[in-house]
Amino acid sequence: MLKKSVLAVLAASALLLGGASAANAQPDLGDYPDDVSVTVFPTVIRPLETSTITFSEDYFEPGEIVDIDVTGESGAEAGLAAIAPAARSTLTTSKAASSDGSLVAVFTAPADGDGTYDVSFSGSRDYTAVITVVPFGVALPSDVSVGDSSLANTGGGVSPVAIWVGLGALGLGVVALVASILRRRRA
């Protein structure tokens, strides 16, 4: 009986805490260097202000041509300084990465900009910078943040509810085990 109780507790714990392990990102990314990053600063701007998107060394292949597209309200009127000044009418352009694989792009919000703008980069790696333009007269959000290239949250973490359920199951298992041992001693 004791062995069955221990095995049941172990099986329940493995199911509860091991279920999301397949959703965790693998830390070894193979061909990708560990120290590459992207910064977008600032992520919230006003009309005609700029946001700089910086890719670290080795993010792209040295000298590779990276396609760049901007989407958003009045996106065709936005600017892509340091990418191609002539691209202001279409906002579909390309730029060569530096010899070290880095790239810097400066997004200028349109004069009547409002809402979210996606600046998409397509090359050996794809990335989309999300920049929010807040019109004058509207308060800036208090949670303004800087983007990065960290892995997405895949939900692989253990929620606090699951921890409490697991602790409760473990507690019930201990109570059942103690009750079983006391019953055997009385018999």
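One numbering rule holds for all chains: residues counted from 1, following each sequence as written. Restriction of local features to residues with pLDDT of at least 70 applies here, the model being predicted, together with a cutoff of 80 or more for giving and counting side-chain atom pairs; totals for whole chains, interfaces and linings are based on all residues. Hydrogens are left out, water is left out, and the side-chain values use all remaining heavy atoms of the structure.

S.K.: Explain the overall build of the chain to me, please; I cannot follow it from the model alone.
M.R.: Of the regular secondary structure elements, the chain holds two helices and nine strands. Mapped from its N terminus to its C terminus, the chain presents α and β elements in the order α-β-β-β-β-β-β-β-β-β-α. Three exposure classes are used, based on accessible area relative to the maximum for each residue type with a 1.4 Å probe and protein chains only: buried under 20%, partly exposed in between, and exposed over 50%. Counting the 187 residues in the chain, one finds 28% classified as buried. For every accessible area listed, the method is Shrake-Rupley and the probe measures 1.4 Å; residues are considered covered only by the protein chains on display. Within the structure as shown, the chain displays about 11,400 Å² of accessible surface, and the carbon and sulfur contribution to it stands at 61%. In this description a helix means any DSSP run of H or I spanning at least four residues, a strand means any run of E spanning at least two, and both kinds are numbered starting from the N terminus.

S.K.: Which parts of the structure should I look at to understand the packing of aromatic side chains?
M.R.: Between two aromatic rings, the relevant description is the distance of the centres plus the angle of the planes. To pair, rings of Phe, Tyr and Trp, with the six-membered ring standing in for Trp, must have centres within 6.5 Å; the planes then decide the type, stacked if under 30 degrees apart, edge-to-face if over 60, and tilted in the middle. Within the structure shown, the criterion is met by six aromatic pairs. Taking the centre distance of 4.8 Å and the plane angle of 70 degrees together, the rings of Phe55 and Phe121 count as edge-to-face. With Phe55 in strand E3 (residues 50-55) and Phe121 in strand E8 (residues 115-122), this residue pair connects regions lying 66 residues apart in the sequence. On the basis of relative accessibility, which here comes to 1%, the residue Phe55 falls in the buried class. Measuring from centroid to centroid gives 5.0 Å for Tyr59 and Phe60, while their planes differ by 70 degrees, and the two rings are edge-to-face. These aromatic residues form a ring-pair network of at least three members: Phe55, Tyr59, Phe60, Phe121 and Tyr127. Residue placement shows Arg125 over the ring face of Tyr59; its charged tip is 4.9 Å from the ring centre. Only Lys NZ and Arg CZ are tested; either one counts as a charge over a ring when it is within 6 Å of the ring centre and within 35 degrees of the ring normal.

S.K.: Just to check I follow, could you spell out unusual backbone geometry for this structure?
M.R.: The bulk of non-glycine residues show a negative phi, and the bulk of peptide bonds are trans. A cis amide bond links Phe41 to the next residue, Pro42, at an omega of -15 degrees. Tracing the chain through its elements places Pro42 in the loop between strand E1 (38-41) and strand E2 (44-45). Despite not being glycine, Leu48 has its phi angle at roughly 70 degrees, a positive value. Here Leu48 shows up in the loop between E2 and E3. Owing to a relative accessible area of 57%, Leu48 belongs among the exposed residues under this scheme. The residue Asp58 is not glycine, and still its phi comes out positive at about 70 degrees. Inspection of the secondary structure puts Asp58 in the loop between E3 and strand E4 (65-71).

S.K.: In this structure, what is going on with the confidence of the model for the chain? I would like to understand it.
M.R.: Any residue range with low pLDDT should be treated as having predicted coordinates unsuitable for detailed reading. As a per-residue quantity, pLDDT reports the predictor's confidence and falls between 0 and 100. The predicted model of the chain has a mean per-residue pLDDT of 75, with 64% of residues at 70 or higher. No element of the chain has a lower mean pLDDT than strand E5 (residues 79-81), which averages 53, and none a higher one than E3, which averages 92. Here a residue-residue contact requires only that any non-hydrogen atoms of the pair lie within 4.5 Å. This stretch, residues 81-90, has a pLDDT under 50; its non-local contacts, to residues over four places away or in other chains, come to 18 contacts.

S.K.: What is the right way to read the pairing of strand E9 (residues 126-133) from this model?
M.R.: A regular strand places its side chains so that they alternate between the two faces of the sheet. With burial as the criterion, only one face of E9 is covered, namely that bearing Tyr127, Ala129, Ile131 and Val133; the residues Asp126, Thr128, Val130 and Thr132 on the opposite face remain uncovered. Examined bridge by bridge, E8 and E9 share eight bridges and lie antiparallel to one another. From the neighbouring strand, Tyr117 faces E9, where its bridge partner is Ile131. Where E8 folds back on E9, the antiparallel hairpin that results is connected by three residues. DSSP-based pairing: two strands are paired if at least 2 bridges between them are found.

S.K.: Would you take a moment to explain a negative patch on the surface for this structure?
M.R.: Note that patches include only residues with greater than 30% relative accessible area and no salt bridge, and the join distances are 9 Å for like charges and 5 Å for nonpolar side chains (Val, Leu, Ile, Met, Phe, Trp, Tyr). A side-chain nitrogen of Lys or Arg and a carboxyl oxygen of Asp or Glu constitute a salt bridge if their distance falls within 4 Å. For the purpose of counting charges, residues Lys and Arg are taken to be positive, whereas Asp and Glu are taken to be negative. His and the chain ends are not included. One atom stands in for each charge, and that atom is NZ of Lys, CZ of Arg, CG of Asp or CD of Glu. Taken together, the side chains of Asp35, Glu57, Asp58 and Glu61 present a region of like negative charge at the surface. Take Asp35: it is sitting in the loop between helix H1 (2-18) and E1. On the basis of relative accessibility, which here comes to 59%, the residue Asp35 falls in the exposed class.

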